[in-house]
Amino acid sequence: MKRIRTAAALLLIACLIALSGCQSVRPGSGASSLKVGVGTITCEFHPFYAQSPGDRAVVAQTYRSIQRRGADNRLINDCGGISYEYVGDSKVKYTVTIRDDLRFSNGDPVTIQDVIFFYYFISDASYDGVYSDFYRNDIEGLKAYYYNDPDYAAKLSEIADQVSKNYTAQTIEKADLIAYLSETALGGLFGGIDAPSPYGGTWKAWMESSGHGQALKAAKDDKAILQAVAQAEAEAHPKDYDPAEWYRQKLTKEYLQRSYAGGAKVTEISGIRKVNDYTCTVLFNSRSINAISQLNALLVSEKFYAVNYVKGEAKAVHDMKSFGVGTGPYFLSEYEGNRVTMNANEYYSDGKPAFSSLQFVDYQGAGIEPVGGVASGKLDVVTVEAAADTVNRLANQPVTYAVNHTPAYIALYLNTRTVDGSLRRAVCGVCNLTETLQARYGAYYTTPYRPLSIRFAEYPSDVTEAFYKESAFSAYQMLAEKSVTALKAAYRSDRQEDAALLEALAAILKAKGITLSILSLPADGLQQAARSGMIDLWINEVPDGATCDKYEEYHSDGQRNLTGISDASLDSMAVSLHTGVGSGDRSANAAELLDHAAELAFECPIYQSQQITIYNTETIAAGSIPTDASSYDGFAYLLPMLQRA
């Protein structure tokens, strides 16, 4: 058993909605302990690295950030604030302040230097945790610091030229293509020789039917099998793969290794300036809607985490086995396997929690059925996906509950590389999966009628009916010179629940004369299949973003643009929203963007599920239970404010 005084992690959003019911680590602690169940606990309770829902739920109670999200999902001041002013034609200077009454759980005062340390640490290229894309921000001097090279722009240009010359789908040598396919398991498509291939049947069946059976038989181990399949793919489908981005990242990593080999050459980020013990400024070279969210730092202790750290050695921080000190209501005191105990932080600045300890349990790992656990009194709080049978089970039980939307929705994506606009609109028109959804959720889901932003402020509030209807398919059949008779669809293999949706869509399309074949692919493989045009449709989750920015998904050059959508008007709208700073007309601009996305019919929302947070009223005073836990940060913030029954 490990016993530690800790401070770990972030009022980060995705974490807290996983808060759920739990089993006490120390029997007999009674009502002074709040039992909270969570998703997977991996014991990575590190503010810079925690990723699983359970780990992040734990660390969210130990570290606070400058701002938190309120009930309407807007950022509001918590441990400080972030303001901005325009500088010249394009630059924006942000002023970051923290309160002067904050202390870490060991009594040390919190200063702005701790915030600056946070920015510097996540700007280190050797750091590979949850904030490792921070270097992409257009902060003055940030990229020179990240690449550890004042001449980084020229080096990146050389890499881009090399990739263009040697590693695109059109220019790559066969040996380099095979190397890429082997290293990436065919861009994520290859899940094993007996796993499904995108060509129908298994990879083994494809190898044998395509004349590569002997090469497969000669392969003696998994590595050799993958090499044989990679060589076969390089010969049969060389244009289905675009290795340019993988080679760009590979060459960039090699450049970074050389750059950091001689120690720290660039030691300052010129755009980050300390003003006083509680204030700093951050200068952005351009406007970005994401800037405030990116600057919303966790309050971590430089004194603790920097003790063995120098630039280029982020691993020294990751390898720390006893965790630090935090500013949250609790600190981590004990953990073993899937059970965690946290004690109240005597230096917490916003009032002593009513429960002297929290006990988190990975209820799956502990074998606890969460809904029944709360109803029986084994658990105190749990959040699970809502459905009619879940709610029915709570009747006449000593619990209260709140139902809210999940911070994501599920959409059907249509590949613009392989499906023309009229057919895309037609498919959206018949994509009515109500029967399947009601069988799963009852009434506990909603149907979005446009692609939407999960940020509440950007919902198109007046949308009440579907953009496309059944008639769109009739129009397609009348106008199409040559009707499509077969389409290929995919869902992520870690989301088996999506298979039923595609099967229901397949039945609808079959009645229209179109055969829909369905593949189950790993997440990386689905992306590869989409980008290469191997699949025409797929189902995936649209997660909550930090803002309503859709640039990366909708712009022609967006890094997450899997559909291949390319539209000048959409690009212009995405840029306009992306470079917005103040709230101003953001809601109207977002609605216009999302309406145009609906016109182009490349993303068809299917449903947004709901979640239910259940409270044990024999432990928790009903009057202290929040009526709206729809904001992750709001729920995290309110958890220590729950009162004992």
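Given the structure is predicted, the values throughout are model-derived calculations rather than measurements.

(A) A look at the overall build of the protein chain. Broken down by element type, the protein chain carries 24 helices and 20 strands. Relative to its length of 645 residues, the protein chain is compact, with a C-alpha radius of gyration of 26 Å against a globular reference of 26 Å. With the C-alpha coordinates of the protein chain rotated into their principal frame, the extents come out at 70 × 65 × 60 Å. Here the protein chain holds 645 residues, and the buried ones make up 53% of them. Counting only contacts in the protein chain whose residues sit at least 6 apart along the sequence, the fraction spanning at least 24 positions is 74%. Accessible surface, the protein chain: about 27200 Å² in total, of which carbon and sulfur atoms supply 47%.

(B) Here's a closer look at the packing of helix H6 (residues 174-183) against helix H9 (residues 222-236). Two elements in contact, H6 and H9, have axes whose closest approach is 9 Å; the angle formed by their N-to-C orientations is 130 degrees. Taken together, the axes of H6 and H9 lie oblique to each other. For the element pair H6 and H9, the recorded crossing hand is right-handed. Residue-level contacts link Lys174, Leu177, Ile178, Leu181 and Ser182 of H6 to Leu226, Gln227, Ala230, Gln231, Glu233, Ala234 and Glu235 of H9. Its residues placed into classes, the contact of H6 with H9 shows 6 nonpolar, 3 polar and 3 charged.

(C) Local environment of the side chain of Thr252. Inspection of the secondary structure assignment puts Thr252 in helix H10 (residues 244-261). On the accessibility criterion, Thr252 (8% relative accessible area) is buried. Within the structure, Thr252 has its side chain in polar contact with the backbone oxygen of Arg248 (distance 2.7 Å). Beyond its immediate chain neighbours, meaning those up to four positions away, Thr252 contacts Tyr147, Leu156 and Ile159.

(D) Layout of the pattern of salt bridges. Following the criterion strictly, the structure yields 23 salt bridges and no others. Put simply, Arg64, Asp78, Arg99, Asp101 and Asp350 are held in one network by salt bridges that share partners.

(E) Region of the structure containing H9. In this model, H9 (15 residues) spans 21 Å end to end at C-alpha, consistent with the 21 Å of a helix rising 1.5 Å per residue. By the burial criterion, the buried members of H9 are Ile225, Leu226, Ala228, Val229, Ala230, Ala232, Glu233 and Ala234. Close packing links the buried residues of H9 with H6, helix H7 (203-209) and helix H8 (213-218). The N-terminus of H9 is capped by Asp221, whose side-chain oxygen sits 3.3 Å from the backbone nitrogen of Lys223.

(F) Spatial organisation of the packing of helix H5 (residues 152-166) against H10. Remark: H5 packs on H10, axes separated minimally by 10 Å, with the N-to-C direction vectors making an angle of 140 degrees. Overall, the two elements H5 and H10 adopt an arrangement that is oblique. Crossing of H5 over H10 shows right-handed handedness. In contact with Tyr152, Lys155, Leu156, Ile159, Gln162 and Val163 of H5, H10 contributes Ala244, Tyr247, Arg248, Leu251, Thr252 and Tyr255.

(G) Molecular detail of the side chain of Asn345. Positionally, Asn345 belongs in the loop between strand S11 (339-344) and strand S12 (357-362). Filtering out sequence-adjacent residues up to four positions away, Asn345 remains in contact with Ser105, Gly326, Thr327, Gly328, Pro329, Tyr330 and Phe331.

(H) Representation of the environment of Leu177 within the structure. If you trace the backbone, Leu177 turns up in helix H6. For the pair Leu177 and Pro243, spaced 66 residues apart in sequence, the C-alpha to C-alpha distance is 7.3 Å. In contact with Leu177, other than residues within four places in its own chain, are Ile172, Ala234, Pro238, Tyr241 and Pro243.

(I) Summary view of the packing of aromatic side chains. Going through the model one piece at a time under the given rule, you end up with 37 aromatic pairs. Ring centres of Phe117 and Tyr309 lie 6.3 Å apart, and the angle between their planes is 75 degrees; this geometry places the pair in the edge-to-face category. Of this pair, Phe117 sits in helix H3 (residues 112-122) while Tyr309 sits in the loop between helix H12 (302-305) and helix H13 (315-318), and the two are 192 residues apart along the sequence. Relative accessible area serves as the criterion here: at 14%, Tyr309 is assigned to the buried category. Where Tyr413 meets Trp538, the ring centres are 5.9 Å apart and the plane angle is 15 degrees; that geometry is what we call stacked. Highlighted residues: Tyr413 in strand S15 (residues 408-414) and Trp538 in strand S19 (residues 537-543), separated in sequence by 125 residues.

(J) Focus on the pairing of strand S9 (residues 279-284). The buried fraction of S9 is high, at 6 of 6 residues. Neither face of S9 is left uncovered, since the one carrying Thr279, Thr281 and Leu283 and the one carrying Cys280, Val282 and Phe284 both have all their residues buried. Pairing geometry for strand S7 (residues 91-98) and S9, over 6 bridges, is antiparallel. If you follow Lys93 over to S9, its bridge partner there is Leu283. Of the pairings in the sheet, the one linking strand S8 (residues 272-276) to S9 comprises 4 bridges and is antiparallel in character. Counterpart to Lys274 in the pairing with S9 is Cys280. Taking the residues between adjacent antiparallel strands as the criterion, S8 and S9 are bridged by 2 residues.

(K) Structural context of the pairing of strand S3 (residues 33-38). Burial analysis of S3 places 6 of its 6 residues in the buried class, the great majority of the element. Burial of the side chains of S3 extends over both faces: Ser33, Lys35 and Gly37 are buried on one face and Leu34, Val36 and Val38 on the other. With 5 bridges connecting them, S3 and S12 associate as parallel partners. Paired with Lys35 across the strands is Gln359, a residue of S12.

(L) Broad picture of the environment of Arg258. Secondary-structure assignment places Arg258 in helix H10. On the basis of relative accessibility, which here comes to 57%, the residue Arg258 falls in the exposed class. For the pair Arg258 and Asn148, spaced 110 residues apart in sequence, the C-alpha to C-alpha distance is 9.8 Å.

(M) Main features of the state of the cysteines. Inspection of the entire model under this criterion finds 0 disulfides. Cys604 supplies the cysteine sulfur nearest to Cys431, a cysteine that is in no disulfide, at a spacing of 4.5 Å.

(N) Local environment of unusual backbone geometry. Here the phi dihedral of Asn148 falls at roughly 60 degrees; this positive angle occurs in a residue that is not glycine. By the element assignment, Asn148 lies in the loop between helix H4 (142-147) and H5. Phi is positive for Ala601, which is not a glycine, with a value near 55 degrees. By the element assignment, Ala601 lies in the loop between helix H23 (586-600) and strand S20 (603-616).

(O) Looking closely at the environment of Glu334. Among the secondary structure elements, Glu334 is positioned in strand S10 (residues 330-336). Judged by relative accessible area, which is 7%, Glu334 ranks as buried.

(P) Representation of the confidence of the model for the protein chain in the model. On average, residues of the protein chain carry a pLDDT of 88, and 91% of them reach 70 or more. Considering only residues more than four positions removed or in separate chains, one finds that residues 1-30, a stretch of pLDDT under 50, has 155 contacts.

Rules used in this analysis
- Residues numbered from 1 in each chain as written.
- Predicted model: local features only at pLDDT ≥ 70, side-chain atom pairs only at ≥ 80, totals over all residues.
- Heavy atoms only, no water.
- Helix = DSSP H or I, 4+ residues; strand = E, 2+ residues; numbered from the N terminus.
- Rg over C-alpha atoms; globule rule 2.2 N^0.38 Å.
- Buried < 20%, exposed > 50% of the residue type's maximum accessible area, 1.4 Å probe, protein only.
- Contact = heavy atoms within 4.5 Å.
- Areas by Shrake-Rupley, 256 points an atom, 1.4 Å probe, with all protein chains shown as cover.
- Axes fitted to C-alpha atoms, helices over the stretch in contact; angles between N-to-C directions.
- Parallel < 35°, antiparallel > 145°, perpendicular 65-115°, else oblique.
- Left-handed = near helix turned anticlockwise from the far one by under 90°.
- Nonpolar A, V, L, I, M, F, W, Y, C, P; charged D, E, K, R; others polar.
- Polar contact = N/O pair within 3.5 Å; in protein donor to acceptor, adjacent residues only side chain to side chain.
- Salt bridge = Lys/Arg side-chain N within 4 Å of Asp/Glu carboxyl O.
- Expected span 1.5 Å × (residues − 1).
- Phe/Tyr/Trp six-rings, centres within 6.5 Å; stacked < 30°, edge-to-face > 60°.
- Pairing = 2+ DSSP bridges.
- Disulfide = S-S within 2.5 Å.
- pLDDT = per-residue confidence, 0-100.

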